[in-house]
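Residue-level structural notes
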Amino acid sequence: MYVSARSDYALRAMLAVAASAPVGGGGLVKAGTLADTQGIPLSFLQGILVDLRRAGLLVSHRGTEGGYALARPAVEISVGDVLRAVGGSLTTVRGLPAELAGYAGVATGLRDVWLAVHGAIALVVDRTTLADLLSAEHRPAGAGETRAR
């Protein structure tokens, strides 16, 4: 698995939005604030935020009081959800999803290895939620439960 800057930035932005959410929701974080606090170039972040919104992980509100908020509670958004929203497949072989890897002859068994690697990565990232990653001091009340999968 290769973690791109885009994936890293997306997770950091989602954690920052999750940490800023007041109890009961309603808190909005501006893209500029996310860029500044996380050290992410704003122009790069804006494209990431569009992908996260299209994937149904963020909601956006326009205007001077606008910004971004989680589309659902942090306990319901997994690291895998975020990674897939901005990067597609979790693992790739020669730029293609691991599921599409094909080999002949003595290398036939490699496909099984790549699929096992993909499965192991998916197991970790799909069981880890944003709420799991938030430290106790930044976790909104009621966000400490891990989502059952």
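Structural notes, computed from the coordinates. (Residues numbered from 1 in each chain as written. Predicted model: local features only at pLDDT ≥ 70, side-chain atom pairs only at ≥ 80, totals over all residues. Heavy atoms only, no water.)

Within the secondary structure layout, Trp114 lies in helix H5 (residues 110-127). Along the primary structure Trp114 and Pro97 are separated by 17 residues, whereas in three dimensions their C-alpha atoms are 9.6 Å apart. When near neighbours in sequence (up to four residues on either side) are disregarded, Trp114 contacts Val93, Ala98, Ala101 and Tyr103. Among the polar contacts listed, one links the side chain of Trp114 to the side chain of Tyr103, at a separation of 2.9 Å. (Helix = DSSP H or I, 4+ residues; strand = E, 2+ residues; numbered from the N terminus. Contact = heavy atoms within 4.5 Å. Polar contact = N/O pair within 3.5 Å; in protein donor to acceptor, adjacent residues only side chain to side chain.)

Within helix H4 (residues 79-87), burial applies to Val79, Gly80, Val82, Leu83 and Val86. The buried residues of H4 occupy one face: seen down the axis, they fall within an arc of 160°. As for H4, its buried residues are in contact with helix H1 (5-20), helix H3 (42-54), H5 and helix H6 (130-133). With its phi angle positive at about 80°, Gly88 sits one or two positions after the end of H4. (Buried < 20%, exposed > 50% of the residue type's maximum accessible area, 1.4 Å probe, protein only. Arc of directions from axis to C-beta.)

Further remarks concern the environment of Tyr103. Within the secondary structure layout, Tyr103 lies in the loop between strand E4 (96-97) and H5. Once you skip the residues sitting within four places of it in the chain, Tyr103 turns out to touch Val93, Arg94, Thr108, Leu110, Arg111 and Trp114. Among the polar contacts listed, one links the side chain of Tyr103 to the side chain of Arg94, at a separation of 3.1 Å.

A word on the side chain of Asp126. Mapped onto the secondary structure, Asp126 falls in helix H5. For Asp126, a relative accessible area of 16% corresponds to the buried category. A distance of 2.7 Å separates polar atoms of two side chains, one belonging to Asp126 and the other to Arg84.

On to the pairing of strand E1 (residues 58-61). Here E1 pairs with strand E2 (residues 67-70) via four bridges, running antiparallel. Residue pairing across strands places Ser60 opposite Tyr68, the latter belonging to E2. Count of turn residues in the E1/E2 antiparallel hairpin: five residues, of which Gly63 carries a positive phi of about 105°. (Pairing = 2+ DSSP bridges.)

Time to look at the pattern of salt bridges. Side-chain pairs of opposite charge can arise whenever the charged atoms involved come near each other. For the coordinates displayed, the defined rule picks out four salt bridges. A salt bridge links Asp51 to Arg6; the nearest nitrogen and oxygen atoms lie 2.2 Å apart. Here Asp51, found in helix H3, pairs with Arg6, found in helix H1; they are 45 residues apart in sequence, far enough to count as distant. Residue class for Arg6 comes out partly exposed when judged on its relative accessible area of 22%. Put simply, Asp8 and Arg12 hold a salt bridge, and the shortest N to O gap is 3.1 Å. (Salt bridge = Lys/Arg side-chain N within 4 Å of Asp/Glu carboxyl O.)

A word on unusual backbone geometry. Most peptide bonds adopt trans geometry, and most residues besides glycine take a negative phi value. Its identity as a non-glycine residue notwithstanding, Arg94 has a phi of 55°, on the positive side. Of note, Arg94 is situated in the loop between strand E3 (92-93) and E4.

With that settled, consider the nonpolar core. The biggest cluster of nonpolar side chains holds 35 residues, and the ones touching the most others in it are Met14, Leu49, Leu52, Leu58, Leu70 and Val82. Secondary-structure elements contributing two or more residues to this core are H1, helix H2 (31-38), H3, E2, H4, H5 and H6. Ranked by the residues each element gives to this core, the list is headed by H1, at eight residues. Discounting residues that sit within four places of it in the chain, Leu58 has contacts with Met14, Val17, Leu49, Leu52, Arg53, Tyr68, Ala69, Leu70 and Ala71. (Core = buried A, V, L, I, M, F, W, Y, C linked by side-chain atoms within 4.5 Å.)

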